Amino acid sequence: MIRKDTSGLITGDPSVEIRGHIEKVRTGFNEINRRCGWPLLTEEEIEGIM
């Protein structure tokens, strides 16, 4: 079965979609922080949140 996620990624493997969404969340933390002028999180801090 072919799926299309909100980013337009088309994949036949749902685990690929899940990993893509997780990566968006991981990078999203610092994107939000950067726009708000807040300090960026380290990889260790992001991993602790996840």
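Residues numbered from 1 in each chain as written. Predicted model: local features only at pLDDT ≥ 70, side-chain atom pairs only at ≥ 80, totals over all residues. Heavy atoms only, no water.

The next point concerns the overall build of the chain. A tally of helices and strands in the chain yields two helices and two strands. Helices and strands in the chain line up, N terminus first, as β-β-α-α. Counting over 50 residues, the chain shows a buried share of 16%. Taking the contacts inside the chain whose residues are at least 6 apart along the sequence as the reference set, 8% of them involve residues at least 24 apart. On the chain, roughly 4,000 Å² of surface is accessible, and the fraction owed to carbon and sulfur atoms is 61%. (Helix = DSSP H or I, 4+ residues; strand = E, 2+ residues; numbered from the N terminus. Buried < 20%, exposed > 50% of the residue type's maximum accessible area, 1.4 Å probe, protein only. Contact = heavy atoms within 4.5 Å. Areas by Shrake-Rupley, 256 points an atom, 1.4 Å probe, with all protein chains shown as cover.)

Side chains that differ in sign of charge can pair as their charged atoms come close. Inspection of the entire model under this criterion finds two salt bridges. In this structure, Arg26 engages Glu47 in a salt bridge whose closest nitrogen and oxygen atoms are separated by 2.9 Å. Here the residue Arg26 occupies a position in helix H1 (residues 14-36), and Glu47 occupies one in helix H2 (residues 43-49), the gap between them amounting to 21 residues. A relative accessible area of 18% means that Arg26 is categorised as buried. A single salt-bridge network, built from bridges that share partners, covers Arg26, Glu43 and Glu47. (Salt bridge = Lys/Arg side-chain N within 4 Å of Asp/Glu carboxyl O.)

We now examine the confidence of the model for the chain. With 78% of its residues at a pLDDT of 70 or more, the chain has an overall mean of 82. Per-element confidence in the chain is highest for H2, whose mean pLDDT is 90, and lowest for strand E1 (residues 3-4), whose mean pLDDT is 58. (pLDDT = per-residue confidence, 0-100.)

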